[in-house]
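Residue-level listing of the chains:
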Amino acid sequence: MNVKIEESWKDILKDEFEKEYFIELVDYLKKERAEGRQIYPPGGLIFNAFNKTPFNRVKVVILGQDPYHGAGQAHGLSFSVPEGIRKPPSLENIFKELQNDTGFVPPSHGNLEYWAEQGVLLLNSILTVRASEPTSHAKCGWAHFTDAVIGKISELKTDVVFLLWGSSARRKIEIIDTSRHFVLEAMHPSPFSAQGFFGCKHFSQTNKILKSRGLTEIDWNIPDPSR
């Protein structure tokens, strides 16, 4: 199957694209659209996380659940929204933690592409969703695919920092070789659990780990055209 995805990922994941579950997943999405359902993100942005962060550049993985389900919000990067879209509560809480942890100055927008371009893979466990129906595509096959992605990173790379927030993400530790990689766990930054997220200091910890391994630290300070 010819999947439109960044070339390094296409090569690494080529076996997944031929598996029965993935073929059924593609058929399912085609049927959803044929029935007139609005699916987010738009087709060209489903694999945006991979296109923004080629495999050889991955240093950090921030694992989300499924895309935002409101109009204009999802653009294929976990927790991120395009410029001009109001920042969702979870992202606001991430910025609050960053501010307390590193002195980060929150930008006026919620676009995290700047992180992705530095090697932060902003990966959702589920890559599509129906409009206004959170977790509606949770059982259509995406979990098999993203588990394979995490497995490939674990197998083929070393010294990647995985940030697992919330019970869904934390279960993925079973796929990660913790003798080769670093895992930081916390509660989800959603308003329902953010009190267990605040104070985790994952951003400064991530940079300490990267520095200790001789890797370039992440500049968390997102450029803001309004400043």
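Residues numbered from 1 in each chain as written. Predicted model: local features only at pLDDT ≥ 70, side-chain atom pairs only at ≥ 80, totals over all residues. Heavy atoms only, no water.

## Quick word on the nonpolar core
If you look at the biggest cluster of nonpolar residues, it comprises 63 residues, and the most contacted ones within it are Trp115, Trp142 and Phe145. Ignoring anything within four residues of it in the chain, the contact list for tryptophan 142 reads Phe22, Leu25, Leu29, Ile46, Phe47, Ser125, Ile126, Leu127, Thr128 and His137. (Core = buried A, V, L, I, M, F, W, Y, C linked by side-chain atoms within 4.5 Å. Buried < 20%, exposed > 50% of the residue type's maximum accessible area, 1.4 Å probe, protein only. Contact = heavy atoms within 4.5 Å.)

## Considerations on the side chain of aspartate 66
Considering the arrangement of structural elements, one finds aspartate 66 in the loop between β2 (60-64) and α5 (89-102). Arginine 130 provides the closest opposite charge to the buried, unpaired aspartate 66, separated from it by 10 Å. From its side chain, aspartate 66 meets the backbone nitrogen of threonine 135 in a polar contact 2.6 Å long. Excluding residues that lie within four positions of it along the chain, aspartate 66 makes contacts with Asn124, Ile126, Val129, Pro134, Thr135 and Ser136. (Helix = DSSP H or I, 4+ residues; strand = E, 2+ residues; numbered from the N terminus. Lys, Arg positive; Asp, Glu negative; His and termini not counted. Salt bridge = Lys/Arg side-chain N within 4 Å of Asp/Glu carboxyl O. Polar contact = N/O pair within 3.5 Å; in protein donor to acceptor, adjacent residues only side chain to side chain.)

## Observations regarding the pattern of salt bridges
Tallied over the full model, the rule gives 10 salt bridges. Residues glutamate 32 and arginine 130 are paired through a salt bridge, measuring 2.7 Å at the closest nitrogen-oxygen approach. Taken together, the positions of glutamate 32 in helix α3 (residues 20-34) and arginine 130 in strand β4 (residues 129-130) put the pair 98 residues apart, joining distant regions of the chain. Judged by its relative accessible area of 3%, glutamate 32 falls in the buried class. We note a salt bridge from arginine 213 to aspartate 159, for which the minimum N-O separation is 3.2 Å.

## A word on the packing of α3 against helix α7 (residues 142-156)
At a minimum axis separation of 9 Å, α3 and α7 run at an interaxial angle of 130 degrees. Between α3 and α7, the angle falls in the class oblique. Crossing hand, α3 versus α7: left-handed. Contact with α3, carried on its side by Tyr21, Phe22, Leu25 and Leu29, involves Trp142, His144 and Phe145 of α7 and no other residues of that element. When grouped by side-chain class, the residues that make up the contact of α3 with α7 number six nonpolar, one polar and no charged. (Axes fitted to C-alpha atoms, helices over the stretch in contact; angles between N-to-C directions. Parallel < 35°, antiparallel > 145°, perpendicular 65-115°, else oblique. Left-handed = near helix turned anticlockwise from the far one by under 90°. Nonpolar A, V, L, I, M, F, W, Y, C, P; charged D, E, K, R; others polar.)

## A look at the sheet that holds strand β5 (residues 161-165)
One open sheet accounts for four strands, arranged β3-β2-β5-β6; its pairing is parallel. Looking along the sheet, the strands with just one partner apiece sit at the ends: β3 (120-124) and β6 (182-186). Ignoring strand direction, the axes of neighbouring strands in this sheet form an average angle of 20 degrees. Note that β2 and β5 share four bridges and pair parallel. Following the sheet pairing, valine 61 is matched in β5 by phenylalanine 162. Across the sheet, α7 touches β2, β3 and β5, and the angle it forms with β3 is around 155 degrees. (Pairing = 2+ DSSP bridges.)

## Here we look at the side chain of glutamate 97
Relative to the elements of secondary structure, glutamate 97 occurs in helix α5. No salt bridge is formed by the buried glutamate 97. Its closest oppositely charged neighbour is lysine 201, at 5.7 Å. There is a polar contact of 2.9 Å between the side chain of glutamate 97 and the backbone nitrogen of lysine 201. Discounting residues that sit within four places of it in the chain, glutamate 97 has contacts with Phe197, Phe198, Gly199, Cys200, Lys201 and Phe203.

## Side note on α5
Here α5 is 14 residues long and its end C-alpha atoms lie 20 Å apart, about the 20 Å a rise of 1.5 Å per residue gives. Glycine 103, located one to two residues past α5, shows a positive phi value of around 85 degrees. (Expected span 1.5 Å × (residues − 1).)

## Things to note about the pairing of β3
Moving residue by residue along a regular strand, the side chains alternate between the two faces of the sheet. Most of β3 is tucked away, with five of its five residues classed as buried. Burial along β3 is two-sided: the face carrying Val120, Leu122 and Asn124 and the face carrying Leu121 and Leu123 are both buried. For β2 and β3, the ladder comprises five bridges, and the chain directions are parallel. Looking at the pairing, isoleucine 62 lines up with leucine 122 of β3.

Purely geometric numbers; function is a separate question.
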